[in-house]
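# Structural characterization, general
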Amino acid sequence: MNILVIGGTKFLGRFVVQEALSRGHQVTLLNRGNYNEIFAETSVEMLIGDRNSDLEILQGRTWDAVVDTCAFLPEQVTKLTKLLQGKTKHYTFISSISVYQDWVPEGIDESYDTPTLSAEKLQEVMNDSTVSLPGPYYGPFKRMCEVEAERHLPGQVLSIRAGLLVGPYDYTDRLTYWVRRVHQGGSVLTPENPHQKVQFIDARDVARWILHAMEYQVTGIYNATGPEYPLTFEQLLETCQRVTKSDAAWVWTSERFLLDQKVAPWTDLPLWLPEKYPLEEGGEPWRGGGSVNCKKAFAAGLSCRPLEDTLRDLWQWDQDRNEASLKAGLSTEREQEILRILKEV
Ligand SMILES: NC(=O)c1ccc[n+]([C@@H]2O[C@H](COP(=O)([O-])OP(=O)(O)OC[C@H]3O[C@@H](n4cnc5c(N)ncnc54)[C@H](OP(=O)(O)O)[C@@H]3O)[C@@H](O)[C@H]2O)c1
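These lines cover the structure that appears in this document, whether it is placed above or below. Everything quoted here is computed from the prediction, not taken from an experiment. (Residues numbered from 1 in each chain as written. Predicted model: local features only at pLDDT ≥ 70, side-chain atom pairs only at ≥ 80, totals over all residues. Heavy atoms only, no water.)

Okay, the overall build of the protein chain next. Counting its secondary structure elements, the protein chain contains eleven helices and 13 strands. Taking 345 residues into account, the globule formula puts the C-alpha radius of gyration at 20 Å, and the protein chain, at 21 Å, falls close to it. Its C-alpha atoms give the protein chain principal-axis dimensions of about 70 × 50 × 40 Å. Looking at the protein chain as a whole, 52% of its 345 residues are labelled buried. Across the protein chain, the fraction of contacts at a sequence separation of at least 24, relative to all contacts at a separation of at least 6, is 76%. Here the protein chain holds 36 positive side-chain charges and 48 negative ones, and the gap between their average locations is 2 Å. (Helix = DSSP H or I, 4+ residues; strand = E, 2+ residues; numbered from the N terminus. Rg over C-alpha atoms; globule rule 2.2 N^0.38 Å. Buried < 20%, exposed > 50% of the residue type's maximum accessible area, 1.4 Å probe, protein only. Contact = heavy atoms within 4.5 Å. Lys, Arg positive; Asp, Glu negative; His and termini not counted. Charge placed at Lys NZ, Arg CZ, Asp CG, Glu CD.)

Here the focus is the pattern of salt bridges. Taken as a whole, this structure holds 24 salt bridges when the rule is applied. The partner of Arg-305 in a salt bridge is Asp-205, with the nearest N and O atoms 2.8 Å apart. With Arg-305 in the loop between α9 (295–299) and α10 (307–321) and Asp-205 in helix α6 (residues 203–215), this residue pair connects regions lying 100 residues apart in the sequence. According to the relative accessible area criterion, Arg-305 is partly exposed, its value standing at 22%. (Salt bridge = Lys/Arg side-chain N within 4 Å of Asp/Glu carboxyl O.)

What follows deals with the sheet that holds strand β4 (residues 63–68). The parallel open sheet is built from seven strands, whose spatial order is β3-β2-β1-β4-β5-β6-β10. Edge positions in the sheet fall to β3 (45–48) and β10 (220–224), since each has one partner strand and no second. Taking each pair of neighbouring strands and ignoring which way they run, the sheet shows an average axis angle of 20 degrees. Here strand β5 (residues 88–96) pairs with strand β6 (residues 157–162) via six bridges, running parallel. The residue bridging Phe-93 from the neighbouring strand is Ser-159, located in β6. In the packing of α6 onto the sheet, the strands contacted are β1 (2–6), β4, β5, β6 and β10, and the crossing angle to β6 comes to about 165 degrees. (Pairing = 2+ DSSP bridges. Axes fitted to C-alpha atoms, helices over the stretch in contact; angles between N-to-C directions.)

Put into C-alpha cells, the structure is as follows:
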C-alpha cells in the first residue's frame, strides 16, 4: 500500500511508520521536518510543510490510506479530508478518550456523551487570542475532528479514541515516572487506593492495529486503551518492581493528605485519579477513568503486548536516553519532603 502519514516522527507516528515499513508498504510523511532524521536512511518520502498552510503539497497525489496523528482543531481535519476526497480509501484519525463529557461511569463505551461546541462558540474560541488552543477544548475539538472527517470521507474513517499512550519515545513521561521511581527503590510515595484501576496502551500496539485496520478496511469509532483485563495501581507497581528488580516499598498515602500537600492528581503522581476527582468542581466523582470499555476495538483486531514487555522496553529506553529530569511526576526532593511530613503526622 501507498500510505500518507501526517506527522509521523515523534511517538505514535514513528511506530506507525516503522510498522508500515516492516509490512512492505510505501510511506510518505508530511510534517515540518523537526525530527525527520530518524527516517533518513529509509525509503520514506518526506514532504516538508505545515499542515495549516502547505496542504497544496499533496495536490494531484493519491494514497491507499492516510493516518493523521496531529490534528487538534476541527478546521485542520476539514481542510485535509476535503482535499483527500476521491484520493484515498481509508483515513485514520487519532482521537482521544478525552472526547467524553466525563469519566463518571465505569465501562464507558463509544456511545457515551461527547460534547461539542456550537458554530458560534467555535468562532468565538477561535478568535480569542488569550487562549492557547486546543487547551480546555481538547476533548470537544477531537470529537469535532471525528465529525468533520466522517462528513467529508463518509464510510472511510477510522477514529481511534486512544487512552494514555505509553512506551519508548513517550515524551510525556507519565508511565516513565513510575518505572524510573520504582527502579530507584526505597520508600515510594504511592496514592491511595492500591485497587484503583489504571489503563494505558503501548503506542506500538496502536500502530500495529492501525496497519491491520487499513489493510482490512476497518472503519468506525473505537476506544483504544489497555490492558484487556482490569489492572490495579498495585499490580502495575509490582510489575514495575519485577521488571526493574527493585527493592521498592509502597507508602500508600491518603488522598486527603496528598491533596493538602498540593500533590496534583495525574501530573505529580501520574495515573492517579482520586476517588472523588474532580474534587473542587463538585459533581459526581470520575470513577470510570481506569475502566473504559474497549471491547469493540479488541473484537476488531486490537491486541496488547504483555505489560512486562512494555515496562521493560520503556525502562531500557529511559536508561539509554540518559535524561536527568522527567516532564511528569514529583522531583526526588519533593517526594522526600512529603514522606518526611507524612512520618511526622
Ligand atoms: N500521548 C497520549 O497519551 C495521547 C492520548 C490520547 C490521544 N493522543 C493523541 O495521539 C496523537 C499523538 O501523536 P504523536 O505526537 O505521538 O504523533 P507523531 O506523529 O509521532 O508526532 C507528531 C507529529 O506531528 C508533526 N506536526 C505537528 N504539527 C504539525 C503541523 N502543523 N504540520 C505538519 N506536521 C505537524 C510533528 O512533526 P514536526 O514538528 O516536524 O511538524 C510530528 O511528526 C495526538 O493526536 C494526540 O492528541 C495522545
